[in-house]
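Observations on the three-dimensional arrangement
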Amino acid sequence: MRALARLLEDATAGDPSTGLLWTHRSLRKLAQALRRQGLPVSKSTLARLLDQAGFSLRTNRKRLAEGHHPHRDRQFRYLCRLRKLYRKRGWPVISVDTKKKEWIGRFKNPGRTWRRAAHAVLAHDFPSCAVGQAIPYGIYDVAKNDGLVVVGTSHETPAFACASIRRWWLMVGRWRYPEAKQLLIEADCGGANDYRKWEWKVGLQQLADEFDLAITVTHYPPGASKWNPIDHRMFSLISANWAGEPLVSYETVLQHIRRTRSATGFHCRAVLDSHEYSTGWRATPADKARVSLQPCRVLPAWNYTILPHVRHRSW
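What comes next is a walk through the structure.

Next up on the list: the nonpolar core. Across soluble globular proteins, nonpolar side chains show a tendency to be buried alongside one another. Ranked by internal contacts, the top residues of the largest apolar core, which has 65 residues, are Ile 165, Trp 168, Ile 185, Trp 200, Met 234 and Ile 257. Of all the elements, helix α5 (residues 158–176) adds the most residues to this core, at seven residues. Counting eight residues, the second-largest nonpolar core is a separate cluster that includes Ala 3, Leu 30, Leu 46 and Phe 55.

We now examine the pairing of strand β11 (residues 303–306). Each regular strand displays side chains that alternate between the two surfaces of the sheet. By the alternation rule, side chains of β11 split into Asn 303 and Thr 305 and Tyr 304 and Ile 306, which are all buried. The pairing of strand β8 (residues 214–219) with β11 spans four bridges and is antiparallel. For Val 217, the partnering residue across the bridge sits in β11 and is Tyr 304. Here three bridges tie strand β10 (residues 293–295) to β11, and the two strands are oriented antiparallel to one another. Across the sheet, Pro 295 pairs through a bridge with Tyr 304, a residue of β11.

It is worth spelling out unusual backbone geometry at this point. Despite not being glycine, Asn 145 shows a phi value in the positive range, around 55°. Take Asn 145: it is sitting in the loop between β5 (132–141) and β6 (146–152). You will see that Leu 299, though not glycine, has its phi angle at about 45°, which is positive. On the secondary structure map, Leu 299 appears in the loop between β10 and β11.

On to the pattern of salt bridges, then. Tallied over the full model, the rule gives 11 salt bridges. Residues Lys 100 and Glu 102 are paired through a salt bridge, measuring 3.2 Å at the closest nitrogen-oxygen approach. Judged by its relative accessible area of 55%, Lys 100 falls in the exposed class. Judged by its relative accessible area of 10%, Glu 102 falls in the buried class. Between Asp 209 and Arg 290 there is a salt bridge; the shortest N-O distance is 3.7 Å. In this pair, Asp 209 is assigned in helix α6 (residues 198–211) and Arg 290 in helix α9 (residues 285–290), connecting sequence segments 81 residues apart. Arg 290 sits in the partly exposed class, given a relative accessible area of 47%. A single salt-bridge network, built from bridges that share partners, covers Asp 141, Asp 146, Arg 176 and Arg 269.

One pass over the structure, following the stated rule, counts eight aromatic pairs. Ring centres 6.0 Å apart and planes at 70° place the aromatic pair Tyr 137 and Phe 160 in the edge-to-face group. Within this pair, whereas Tyr 137 is found in strand β5, its partner Phe 160 is found in helix α5, the two being separated by 23 residues in sequence. Phe 160 carries the same exposure label as Tyr 137, and that label is buried. Between the aromatic rings of Trp 168 and Trp 169, the centroid separation amounts to 6.0 Å while the plane-to-plane angle is 50°, which identifies the pairing as tilted.

Our focus in this paragraph is helix α2 (residues 27–36). Turning to α2, its buried residues number three or more, namely Leu 30, Ala 31, Ala 33 and Leu 34. Looking straight down α2, one finds that the buried residues subtend no more than 160° of arc, so they occupy a single side. A positive phi of about 80° marks Gly 38, the residue just after α2.

With that settled, the discussion passes to the packing of α5 against α6. Closest axis-to-axis distance for the α5/α6 pair is 8 Å, and the angle between their directions is 25°. Classified by the angle their axes make, α5 and α6 are roughly parallel. Crossing angle aside, the handedness with which α5 passes α6 is right-handed. Between α5 and α6, the residues in contact are Pro 158, Ala 161, Cys 162, Ile 165, Arg 166, Trp 169 and Leu 170 and Glu 199, Trp 200, Gly 203, Leu 204, Leu 207, Glu 210 and Phe 211, respectively. For the contact of α5 with α6, the residue count by class is 10 nonpolar, one polar and three charged.

This next bit is on the pairing of β8. Counting buried positions along β8 gives six out of six residues, so the element sits mostly inside the fold. Alternating residues of β8 divide into Ala 214, Thr 216 and Thr 218 and Ile 215, Val 217 and His 219, and every residue in both groups is buried. Taken together, the six bridges between strand β7 (residues 182–187) and β8 define a ladder with parallel strand orientation. Along β8, the bridge assignment pairs Leu 184 with Thr 216. Since β7 and β8 lie parallel, the crossover through α6 that links them has a hand, and here it is right-handed.

Scoring rules and cut-offs
Residues numbered from 1 in each chain as written. Predicted model: local features only at pLDDT ≥ 70, side-chain atom pairs only at ≥ 80, totals over all residues. Heavy atoms only, no water. Core = buried A, V, L, I, M, F, W, Y, C linked by side-chain atoms within 4.5 Å. Buried < 20%, exposed > 50% of the residue type's maximum accessible area, 1.4 Å probe, protein only. Helix = DSSP H or I, 4+ residues; strand = E, 2+ residues; numbered from the N terminus. Pairing = 2+ DSSP bridges. Salt bridge = Lys/Arg side-chain N within 4 Å of Asp/Glu carboxyl O. Phe/Tyr/Trp six-rings, centres within 6.5 Å; stacked < 30°, edge-to-face > 60°. Arc of directions from axis to C-beta. Axes fitted to C-alpha atoms, helices over the stretch in contact; angles between N-to-C directions. Parallel < 35°, antiparallel > 145°, perpendicular 65-115°, else oblique. Left-handed = near helix turned anticlockwise from the far one by under 90°. Contact = heavy atoms within 4.5 Å. Nonpolar A, V, L, I, M, F, W, Y, C, P; charged D, E, K, R; others polar. Right-handed = clockwise from strand over helix to strand, strands pointing away.

Nothing here speaks to function; it is all geometry.
Right, dumping it as structure tokens:
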């Protein structure tokens, strides 16, 4: 063990505060080096010795950040308070985000499955070989632990995000919360639901007017999207469910999403949206003026409410 420890000194890195150690050398290279020192040892024995010494194969972990936003903690506290308030009153709270885009075709999908024979897939992942691209936009009901994924086929735009939320409300929300006049949306600060995009807010205004809803949006701070509930309560389950399975068609994507389950009772709906969403549309000054935007007192850039316009009824 002393010879092995000396051999690992130059190739060992670790955390001095926790004692976690790892080595970049393979068992074969370590065994060869020990043999040159007159210590013949097999790879299996070497693996056992390394295990006894606290070594193990480890991958990199994304834990470090270049820096936190100065208002990060304040935003998290406000978001939690608002979520508790809505749930206490029985108002809907949804978490939204766009999952990683997937090429449709016989491409390798990371992961392993129990099979008698491996799937034969394309040797190269060229987009030109794809049938198309799947853009999954998810809506997760925080209180009910279920969701809807709208799989788009064109572009990830604010119009597509708002259309997906509209579809969730028509399919699920208005039946589940028939008396609701308030809706809370938890979203990341970028992507189709970027808090800086007026196209996103114009789309939400249309939803507010159509369904007479006051829509409050809270955005997670930059670099904190992994705390968005949809990421670890819905998207992670979907990724695990189709791991190792080539996504050969849009119907394959939809079926994998619909069959996703968890021990806590999670289930998910899925629909295809083949509408063409243009990337060139920009909100005009008139569009922006129509948005009934009410910024919150706490970090108004990230927290705001869009109120429905009063409808003029003729009696």
